[in-house]
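Chain by chain, the residues:
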Amino acid sequence: MSKNTIRRILIFLGGLVIVSFLTVIGTLAFLEPKIPLLVRNVVITDVVFIILYTVWIKLHKGYETMYKSGLELEGKK
């Protein structure tokens, strides 16, 4: 794998760990600390995070391509 791919995977996993940690803190702070409830909240939040991250990557990948092509057109002028 390339360094860029490894970097993106590490960023994704770091974000997932942060989201999971904040979900655990929020669940313990506002709800009863029952293990099934905690696990369910973490799993639901992680799934939502993965979906939103995937959509964000797809949207910005297309934007990056359009932006770069615009720069190439301006550079030719």
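Predicted, not measured: the structure shown is a model, and the values here were computed from it.

K.L.:
Explain the overall build of the protein here, please?
P.N.:
Helix and strand content of the protein: 2 helices and 0 strands. Counting every position in the protein, which comprises 77 residues, the buried fraction comes to 16%. In the structure as shown, the protein presents an accessible area of about 6,600 Å², 74% of it carried by carbon and sulfur atoms.

K.L.:
Would you mind showing me how to read the packing of aromatic side chains here?
P.N.:
For any two aromatic rings, the description comes down to two numbers: the centre-to-centre distance and the angle of the planes. This model, assessed by the stated rule, comprises 4 aromatic pairs. Seen in terms of ring centroids, Phe12 and Tyr53 are 5.2 Å apart; in terms of plane orientation they differ by 45 degrees. Their pairing is tilted. You can see Phe12 sitting in helix H1 (residues 3-30) and its partner Tyr53 sitting in helix H2 (residues 35-76), a full 41 residues away along the chain. A relative accessible area of 18% means that Phe12 is categorised as buried. A connected cluster of aromatic rings, assembled from ring pairs, spans Phe12, Phe49, Tyr53 and Trp56.

K.L.:
Just checking my understanding: could you explain a positive patch on the surface for this structure?
P.N.:
Together, Arg7, Arg8, Lys58 and Lys61 make up a region of like positive charge exposed at the surface. Summarising the element assignment, Arg7 is placed in helix H1. You can call Arg7 partly exposed: its relative accessible area is 48%.

K.L.:
Help me understand the side chain of Asn41 in this model?
P.N.:
Among the secondary structure elements, Asn41 is positioned in helix H2. Take Asn41: its relative accessible area is 15%, and that puts it in the buried class.

K.L.:
How should the environment of Val17 be read in this particular structure?
P.N.:
For Val17, the location among the structural elements is in helix H1. Accessibility expressed as a relative area gives 56% for Val17, which makes it exposed. With 29 residues separating them along the chain, Val17 and Asp46 place their C-alpha atoms 9.0 Å apart.

K.L.:
I tried to follow the side chain of Asp46 on my own but got confused; where do I start?
P.N.:
With respect to the secondary-structure elements, Asp46 resides in helix H2. For the buried Asp46, which has no salt bridge, the nearest side chain bearing the opposite charge is Arg40, at an N-O separation of 13 Å. If near-sequence neighbours (up to four positions away) are discounted, Asp46 is found in contact with Leu16, Val19 and Ser20.

Here is what the cut-offs are and how they apply
Per-chain numbering applies: the sequence of each chain, read as written, is numbered from 1 onward. Given that the model is predicted, a residue must reach a pLDDT of at least 70 before its local features are reported, and side-chain atom pairs must reach 80 or more before they are shown or counted; all residues, however, enter totals for whole chains, interfaces and linings. The side-chain values count all of the structure's non-hydrogen atoms but skip hydrogen atoms and water molecules. Elements are defined by DSSP. Helices are runs of H or I of four residues or more, strands are runs of E of two residues or more, and each kind is numbered from the N terminus. Note on exposure labels: buried denotes an accessible area under 20% of the residue type's maximum, exposed denotes more than 50%, and partly exposed covers the range between, all computed with a 1.4 Å probe on protein chains only. In these tables, accessible area is a Shrake-Rupley quantity obtained with a 1.4 Å probe, and a residue counts as shielded only by the protein chains included in the view. Note on aromatic contacts: the rings of Phe and Tyr and the six-membered ring of Trp form a pair at centre separations within 6.5 Å, being stacked when their planes are under 30 degrees apart, edge-to-face when over 60 apart, and tilted otherwise. A patch consists of residues exposed above 30% relative accessible area that lack any salt bridge, with like charges linked at up to 9 Å and nonpolar side chains (Val, Leu, Ile, Met, Phe, Trp, Tyr) linked at up to 5 Å. Here, a salt bridge means any side-chain nitrogen of Lys or Arg that lies within 4 Å of a carboxyl oxygen of Asp or Glu. Only four residue types enter the charge count, namely Lys and Arg as positive and Asp and Glu as negative; His and the chain termini do not. The atoms used to mark charge sites are NZ of Lys, CZ of Arg, CG of Asp and CD of Glu. By definition, residues are in contact when any of their heavy atoms lie within 4.5 Å.

Purely spatial values, then, with no claim about function.
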